[in-house]
Amino acid sequence: MNGRVVFLAVLAVVLVVGVWGWRRWHPASFWYGVEFPARVVLVYLTWAHVASGCGLARRRRRWRLTLDAVPMVETARSVTVATYRRRWRRVEVERPPRLGVLRPNRLGWRVRVRLHDGQVPGDYERAAERIAHAWRVHSVRIVDVRPGVVTLWATLHDPLTEVRVTPETGELLRVRPGKLENGADWVIDFRAVPHWLNAGATQSGKSNLANAIIKGLAPQPVALVGLDLKGGVEFTPYAPRLSALATTRTQCTALLADLVGELEHRMTICRGRGVRNIWHLPEGVRPMPIVVLVDEVAELFLMADRSEKDQVAKTGTALLRVAQLGRAFGVHLVVCGQRIGSDLGPGVTALRSQLSGRVCHRVNDPETATMTLGDLDPAALDAARTIPAQTPGVCIVAGQDGGWHRARSVYISEHEAEHAARTYAHLAPDWAELITTPAVRPAAA
Ligand SMILES: Nc1ncnc2c1ncn2[C@@H]1O[C@H](COP(=O)(O)OP(=O)(O)OP(=O)(O)O)[C@@H](O)[C@H]1O
Ligand SMILES: [Mg+2]
């Protein structure tokens, strides 16, 4: 007897250790082999209850076979039941929306849900947090909407807690500064979305994203320009790879004037060749794309006294012109700031409307999220407002594919920044040459 108990105890210990080891050292196979099937059973068993609790089930009248008691003796005080009788009755039942097949992936699972008549995807957006709690998962998001059907995506852990560097593919003006919540690479393609607004509270990761973009573009045949109104502390590590760096408002004004001149020149080239943008020019004549990164943009618009009014107006107008003309003529903007609202002055709203790519990091007030993301899906605004301070770099991205995503930039240390800038310093065209290069100028004639 004792021997059997010992044997069973040892077996139990071996099993527990084995399962623990399996989960610890081969989490992927453990997930697909054990955890996911268990989750499937649980989700299906509890779906009716969960849907009802989240207000997604519908009350319907259905015919049901019921078992009714037939009283034999009925007095004022008691009923004596003699027998039972089966009867068809119309009763009210709760019917959950039909759940499709749970499809596992590395981070959780996806499942399609057929909407009840009268339901819209927004009902599921609003219920997503409640479903996540009921399923005991990190989050549930609506990732695909088709007529009458939504796809829910449940993730077990926040995939953005650790983001690793993604190798760049080297495609012109395309960078991968981090990861999206769905595990895909976060791609910023300046040819698809020419200008980007990068907003968020202090220490939310704006400059880190700008650094990741510079690092991604550094090996490409692209001229990089920095307008660092934080006195140059953010972009100075990249100075060797930058063709121009302005750190004061006066320098920025001069640099923006150069850019406007260059844009007018590119316009002349395109007009001369009868094309609408530089991408239709033959390669030998096509001017090099320029990406302009502006950090702490508010500094460009703030006025200590009225004497600065003219300079501010001039700078604001130049920046707006760069944004307006840049999309066709290969000059792209990444504008970073804490709050880019109309309170900064006239022209800021117009500038913002030109920046079609939007990145909203953690914000201190809901208005900044609304200002940055516009009238996007309310769930995107909620997601922006709930980014915790412990995860700098996490943001909401909108612009590339019409939808919105939670994403996180990859962390770029100062050392990495300096290394990248030194390695690709030889690719930085000289600013004076770039804006007066004979290869470009005569082509206009
Ligand atoms: N993607 C990231 N992953 C990990 N840590 C990050 C990430 N982005 C930023 N951080 C950390 O957060 C700190 C603040 O980031 P960053 O300087 O980019 O913020 P910011 O929004 O530019 O702040 P400020 O408005 O004060 O300039 C960085 O020093 C870095 O340590
Ligand atoms: Mg910063």
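Note that the structure is predicted; figures quoted are calculated from it, not measured.

About the criteria used
- Residues numbered from 1 in each chain as written.
- Chains lettered and ligands numbered in written order.
- Predicted model: local features only at pLDDT ≥ 70, side-chain atom pairs only at ≥ 80, totals over all residues.
- Heavy atoms only, no water.
- Pairing = 2+ DSSP bridges.
- Helix = DSSP H or I, 4+ residues; strand = E, 2+ residues; numbered from the N terminus.
- Axes fitted to C-alpha atoms, helices over the stretch in contact; angles between N-to-C directions.
- Buried < 20%, exposed > 50% of the residue type's maximum accessible area, 1.4 Å probe, protein only.
- Near = heavy atom within 4 Å.
- Polar contact = N/O pair within 3.5 Å; in protein donor to acceptor, adjacent residues only side chain to side chain.
- Areas by Shrake-Rupley, 256 points an atom, 1.4 Å probe, with all protein chains shown as cover.
- Nonpolar A, V, L, I, M, F, W, Y, C, P; charged D, E, K, R; others polar.
- pLDDT = per-residue confidence, 0-100.
- Contact = heavy atoms within 4.5 Å.
- Domains from an automatic or database assignment.
- Buried area = accessible area lost by both parts, 1.4 Å probe.

Trainee: In this structure, what is going on with the sheet that holds strand 17 (residues 404-409)? I would like to understand it.
Mentor: Each strand in a sheet pairs with another by means of backbone hydrogen bonds, the pair being arranged parallel or else antiparallel. The ten strands are arranged 9-8-17-16-15-10-14-13-11-12 in an open sheet whose pairing can be described as mixed. Every interior strand has two partners, whereas the edge strands, strand 9 (185-189) and strand 12 (242-246), have only one. Direction aside, neighbouring strands of the sheet carry axes that sit 25° apart on average. Sheet topology places strand 8 (residues 174-180) next to strand 9; four bridges connect them, and they run antiparallel. If you follow Lys179 over to strand 9, its bridge partner there is Asp185.

Trainee: Can you help me understand unusual backbone geometry in this one?
Mentor: In this model, Gln203 sits at a positive phi of 65°, which is unusual for a non-glycine residue. With respect to the helices and strands, the residue Gln203 is situated in the loop between strand 10 (195-199) and helix 4 (206-217). On the accessibility criterion, Gln203 (62% relative accessible area) is exposed. Phi is positive for Glu296, close to 55°, though the residue is something other than glycine. As for its placement among the helices and strands, Glu296 is situated in the loop between strand 13 (290-295) and helix 6 (298-301).

Trainee: I would appreciate a short explanation of the site of ligand 1 in the present structure.
Mentor: The environment of ligand 1 is made up of 17 residues, and the closest members are Thr202, Lys206, Ser207, Lys230 and Ser409. For ligand 1, an oxygen atom lies 2.6 Å from a polar atom in the side chain of Thr202. With respect to ligand 1, the backbone of Ser409 contributes an N or O atom lying 2.6 Å from a nitrogen atom. Notes on ligand 1: free accessible area 630 Å², of which the protein chains cover 79%. Those elements that place two or more of their residues in the shell around ligand 1 are helix 4 and strand 17. In terms of residue count, helix 4 provides more of the shell around ligand 1 than any other element does, three residues in total. For the shell around ligand 1, a count of residues per class yields three nonpolar, nine polar and five charged.

Trainee: Explanation requested: the confidence of the model for the protein chain in the structure shown.
Mentor: A low pLDDT score tells you not to read the predicted coordinates there in detail. Confidence in the prediction for the protein chain averages 87 pLDDT; 95% of positions are at 70 or higher. A low-confidence stretch, residues 438-445 stays under pLDDT 50, and its non-local contacts, those more than four residues away or across chains, total 13 contacts.

Trainee: Would you mind going over the domain arrangement of the protein chain with me for this structure?
Mentor: A common way to state how big an interface is: give the accessible area lost once the parts meet. Domain annotation of the protein chain identifies domain 1 (85-157) and domain 2 (174-444). Taking only C-alpha atoms, the centre of domain 1 and the centre of domain 2 are 40 Å apart. Across the contact, seven residues belong to domain 1 and seven residues belong to domain 2. Both sides of the domain 1 and domain 2 interface together cover about 530 Å² of buried area, and 47% of this is carbon and sulfur.

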